[in-house]
Amino acid sequence: EKPLPGSDSLSCRDLAREKKLRQILSPGILQERFLPMELEGREVLVKEGNEWRADNRLLQAKTQGLSFRSSKSLDKSAKLASLILPWGTLVSANDDGDGWVKLNAVGYLRIIEACDRTLGFP
């Protein structure tokens, strides 16, 4: 369902994807997003190859997962309530060497792929 070459119009798939992304993602989502490697002195991200898994075994939080942050701060004002990495889920991110990981392009691609699955696209 790609637009014709030279066409300025989006395909039905592109339009549906854009609509769904607007529903589930906060504005400015493609800005830098961070995750802490530890919370309350307990490891919450475990490196697995080139990815990181959200791990709640040590923290035992009663939450759905880790909230992405707009900056490297545990302050509530940096927390992005609408963007959560569910416990047990892998994310592609880069270790910044300071106790934080930064979501990379592959991580954003996974968000878009998840959106496509939700919409029923292959």
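Residues numbered from 1 in each chain as written. Predicted model: local features only at pLDDT ≥ 70, side-chain atom pairs only at ≥ 80, totals over all residues. Heavy atoms only, no water.

## Looking at the overall build of the chain
Put simply, the rule reads: Numbering of helices and strands runs from the N terminus, with a helix taken as a DSSP run of H or I at least four residues long and a strand as a DSSP run of E at least two residues long. Accessibility here uses a 1.4 Å probe with only protein chains present; expressed as a share of the type maximum, an area under 20% marks a residue as buried, one over 50% as exposed, and anything in between as partly exposed. Here, residues are in contact when the closest pair of their heavy atoms is within 4.5 Å. For the area figures, the Shrake-Rupley method with a 1.4 Å probe applies, and any residue is considered shielded solely by the protein chains shown.
Check the secondary structure of the chain and you find two helices and 10 strands. Counted from the first residue to the last, the chain has its helices and strands arranged as α-β-β-β-β-β-β-β-β-β-β-α. Among the 122 residues that make up the chain, the fraction classed as buried is 34%. Taking contacts inside the chain between residues at least 6 apart in sequence as the whole, the part at least 24 apart equals 55%. Summed over all atoms, the accessible surface of the chain reaches about 7,900 Å², with 53% contributed by carbon and sulfur.

## Focus: unusual backbone geometry
When glycine is set aside, most residues are seen to have a negative phi, and most peptide bonds are trans. The backbone of Glu-40 sits at a positive phi, close to 55°, despite the residue not being glycine. By the element assignment, Glu-40 lies in the loop between β2 (38-39) and β3 (42-43).

## Overview of the sheet that holds strand β8 (residues 90-91)
As a reminder of what qualifies: When DSSP locates at least two bridges between a pair of strands, those strands are taken to pair.
Across the sheet, which stays open at both edges, the three strands sit in the order β4-β5-β8 with antiparallel pairing between neighbours. Both edges of this open sheet fall to β4 (45-48) and β8, since each of them pairs with a single strand only.

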